[in-house]
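Architecture and fold: a report
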Amino acid sequence: NAGVTQTPKFRILKIGQSMTLQCTQDMNHNYMYWYRQDPGMGLKLIYYSVGAGITDKGEVPNGYNVSRSTTEDFPLRLELAAPSQTSVYFCASSYRAENTEAFFGQGTRLTVV
Amino acid sequence: AQSVTQLDSHVSVSEGTPVLLRCNYSSSYSPSLFWYVQHPNKGLQLLLKYTSAATLVKGINGFEAEFKKSETSFHLTKPSAHMSDAAEYFCVVSDLSNTGKLIFGQGTTLQVKP
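A few points on the structure. Quick caveat, the model's predicted, so the values are computed rather than measured.

1. Observations concerning the state of the cysteines
Under the definition given, this model contains two disulfides over all chains. For Cys23(A), the disulfide goes to Cys91(A), at an S-S distance of 1.9 Å. Note on the Cys23(A) and Cys91(A) pair: the S-S dihedral is about -70 degrees, so by sign convention the disulfide is left-handed. Residue Cys23(A) is located in strand 3 (residues 19-25), and its partner Cys91(A) is located in strand 9 (residues 87-94); the two are separated by 68 residues in the primary sequence. Judged by its relative accessible area of 1%, Cys23(A) is buried. Among the residues examined, Cys91(A) registers a relative accessible area of 0% and is labelled buried. Disulfide partner of Cys23(B): Cys91(B), at an S-S distance of 2.0 Å. Here the S-S torsion is close to -70 degrees, and the disulfide linking Cys23(B) with Cys91(B) is therefore left-handed. Of this pair, Cys23(B) sits in strand 4 (residues 23-26) while Cys91(B) sits in strand 10 (residues 87-94), and the two are 68 residues apart along the sequence. Accessibility assignment for this pair places Cys23(B) and Cys91(B) in one class, buried.

2. As for the interface of chain A and chain B
Contact with chain A, which involves 22 residues of that partner, is made by 21 residues of chain B. Both sides together, the interface formed by chain A and chain B hides about 1800 Å², and carbon and sulfur atoms give 53% of it. Contact with chain B buries area across many residues of chain A, yet Leu43(A), Asn99(A) and Phe104(A) alone supply 26% of it, more than any other trio. Counting the contacts that link chain A with chain B gives zero salt bridges. Seen at the junction of chain A and chain B, the total is five residue pairs in polar contact (both at pLDDT 80 or more). When contributions to the side of chain A that touches chain B are tallied by element, the ones reaching two or more residues are strand 4 (31-37) and strand 5 (43-51) of chain A. Taken together, the residues of the side of chain A that touches chain B sort by class into 12 nonpolar, seven polar and three charged.

What counts and how
- Every chain begins its residue count from 1, and numbering advances along the sequence as written.
- Each chain is given a letter, starting from A, and each ligand a number, starting from 1, according to the order in which they appear as written.
- Given that this is a predicted model, residues contribute local features only at a pLDDT of at least 70 and side-chain atom pairs are listed and counted only at 80 or more, while totals for whole chains, interfaces and linings are drawn from all residues.
- To obtain the side-chain values, all non-hydrogen atoms of the structure were used and water was disregarded.
- Disulfide assignment relies on a single distance test, namely cysteine sulfur atoms paired within 2.5 Å.
- Put simply, DSSP marks the helices as runs of H or I at least four residues long and the strands as runs of E at least two long, and each gets a number from the N terminus on.
- Only protein chains enter the calculation, and the probe is 1.4 Å; a residue is then buried if its accessible area is under 20% of its type maximum, exposed if over 50%, and partly exposed in between.
- Note on contacts: a residue pair is in contact if any heavy atoms of the two residues lie within 4.5 Å.
- As used here, buried area is the combined drop in accessible area, with a 1.4 Å probe, of two parts when they are placed together.
- Counted as salt bridges are all cases of a side-chain nitrogen of Lys or Arg within 4 Å of a carboxyl oxygen of Asp or Glu.
- Contacts described as polar in this section are N or O atom pairs within 3.5 Å, which, within protein, must combine one atom able to donate a hydrogen with one able to accept it, while residues neighboring in sequence count only if both atoms come from side chains.
- In this count, Pro and Cys sit with the nonpolar residues alongside Ala, Val, Leu, Ile, Met, Phe, Trp and Tyr, while Asp, Glu, Lys and Arg are called charged and the others, Gly among them, polar.

Written out as structure tokens, the structure reads:
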């Protein structure tokens, strides 16, 4: 049982480059999330999705885009990488909205230079 | 608005001694509260959750937390620390928007000394 899988695990980008962080889950969860983790700041929500075809902004969406064409996949797109996007990115999923745990991927450590 | 505050950014204990990680929350309604643990270079794992049932919640690896409404607290405890408990711990509250969004505290780094 793979759970939530993120790729890549590490990436170095140059300023202005673009990339897609991949996230897939095999638990048939409707709810999926992207968080970023900065030192001493906890995790902040970037985007979330409550089902295929439905996405919405979280707390820190600027500079990112998402899509949700299937239940399993929730990729996060960085169009013009900036140093402020250096962070660790976590994808998560849950099977309902209330009173339930979220399952997290292993994270993607991104450095923009 | 929902929020959580972890009162200590860093806690250091000796192996075999008790652990106390403090968390206060702010919520207009009865909240859903969680503690997650993150070991170095790993994802987050759920330790325990409170969802308005018993106020004393038992989790994995001997951890437990008590929900105290009068003090708006949800402190995490363990009677005896083990070296493997060294990690980052997050107190988390569920957003009220019925979307499953989570609001994280800043995190507490637990160091366990031999």
